[in-house]
Amino acid sequence: GDRGIEGKARAAGLAREWKKPYLGVCLGMQVAIIQFARDILGLADATSEEFDKAGLSKNHVIEYMPEIAKDTMGANMRLGARWVEFSKPEASLGAGLYGGAARIMERHRHRYEF
């Protein structure tokens with residue numbers, strides 16, 4: 001849900017600024033990405049598609065996975081592996097973690113991705 005998202009994003013930002021360990025799992029990762037996009041990338045209106053019901057933001061850094069039904073919340077979570085492509089693998093830290101691969105198979109269990 002969207003209750004307290006701004007406070008959670010601020011907490012993630014403080015952990016980053018103060019160089020404190022932060023375990024961003026699920027919603028924690030989402031708010032860390034939102035906060036990073038706002039403060040470091042300069043995208044002041046960065047948010048999740050989930051929290052922008054009015055469609056005011058031009059910068060959804062967290063989006064619904066394409067195969068997920070947005071209007072059904074029961075039994076529609078993405079389970080299992082899917083292909084993830086790195087648009088610039090030579091410049092991507094994520095791709096570097098996979099040996100510089102341009103495309104990997106990654107397991108997902110969620111409705112959103114960044």
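Not measured: the values here are computed from a predicted model.

**Regarding the nonpolar core**
What tends to happen in soluble globular proteins is that the nonpolar side chains get buried as a cluster.
1) Next: The biggest cluster of nonpolar side chains holds 13 residues, and the ones touching the most others in it are Val31, Ile34, Val61 and Ile62.
2) Next: Where this core is concerned, the elements lending two or more residues are helix H1 (5–17), helix H2 (27–39) and strand S2 (60–64).
3) Next: Among the elements that take part in this core, H2 stands out by supplying 4 residues, more than any other.

**Observations concerning the pattern of salt bridges**
1) Next: A full pass over the atoms with the stated rule returns 4 salt bridges.
2) Next: Note that Arg10 is salt-bridged to Glu17, the shortest N-O span being 3.7 Å.
3) Next: For Glu85, the salt bridge is made with Arg103, and the minimal N-O distance between the two is 3.6 Å. Taken together, the residues Glu85 in strand S3 (residues 78–85) and Arg103 in strand S4 (residues 103–110) connect sequence positions 18 residues apart.

**Concerning H2**
1) Next: With 13 residues, H2 extends 18 Å between its outermost C-alpha atoms, agreeing within 8% with the 18 Å of an ideal straight helix rising 1.5 Å per residue.
2) Next: Along H2, the residues that are buried comprise Gly28, Gln30, Val31, Ala32, Ile34, Gln35 and Ala37.

**As for the packing of aromatic side chains**
1) Next: Using the criterion set out here, one finds 1 aromatic pair in the structure.
2) Next: Here Phe86 and Tyr98 contribute two aromatic rings whose centre-to-centre distance is 6.5 Å and whose plane-to-plane angle is 35°, an arrangement assigned as tilted. With Phe86 in the loop between S3 and helix H3 (93–97) and Tyr98 in the loop between H3 and S4, this pair connects stretches of sequence that are 12 residues apart.
3) Next: Phe86 sits in the buried class, given a relative accessible area of 18%.
4) Next: The side chain of Arg103 reaches across the aromatic face of Trp83, ending 3.9 Å from its centre.

**Considering H1**
1) Next: With 13 residues, H1 ought to run about 18 Å at 1.5 Å a step, and its terminal C-alpha atoms sit 18 Å apart, in line with that.
2) Next: Turning to H1, its buried residues are Ile5, Ala9, Ala12, Gly13, Leu14 and Ala15.
3) Next: Buried positions along H1 lie against H2.
4) Next: Trailing H1 by a residue or two, Lys19 shows a phi angle of about 55°, which is positive.

Thresholds, definitions, all that
Residues numbered from 1 in each chain as written. Predicted model: local features only at pLDDT ≥ 70, side-chain atom pairs only at ≥ 80, totals over all residues. Heavy atoms only, no water. Core = buried A, V, L, I, M, F, W, Y, C linked by side-chain atoms within 4.5 Å. Buried < 20%, exposed > 50% of the residue type's maximum accessible area, 1.4 Å probe, protein only. Helix = DSSP H or I, 4+ residues; strand = E, 2+ residues; numbered from the N terminus. Salt bridge = Lys/Arg side-chain N within 4 Å of Asp/Glu carboxyl O. Expected span 1.5 Å × (residues − 1). Phe/Tyr/Trp six-rings, centres within 6.5 Å; stacked < 30°, edge-to-face > 60°. Lys NZ or Arg CZ within 6 Å of the ring centre and 35° of its normal. Contact = heavy atoms within 4.5 Å.

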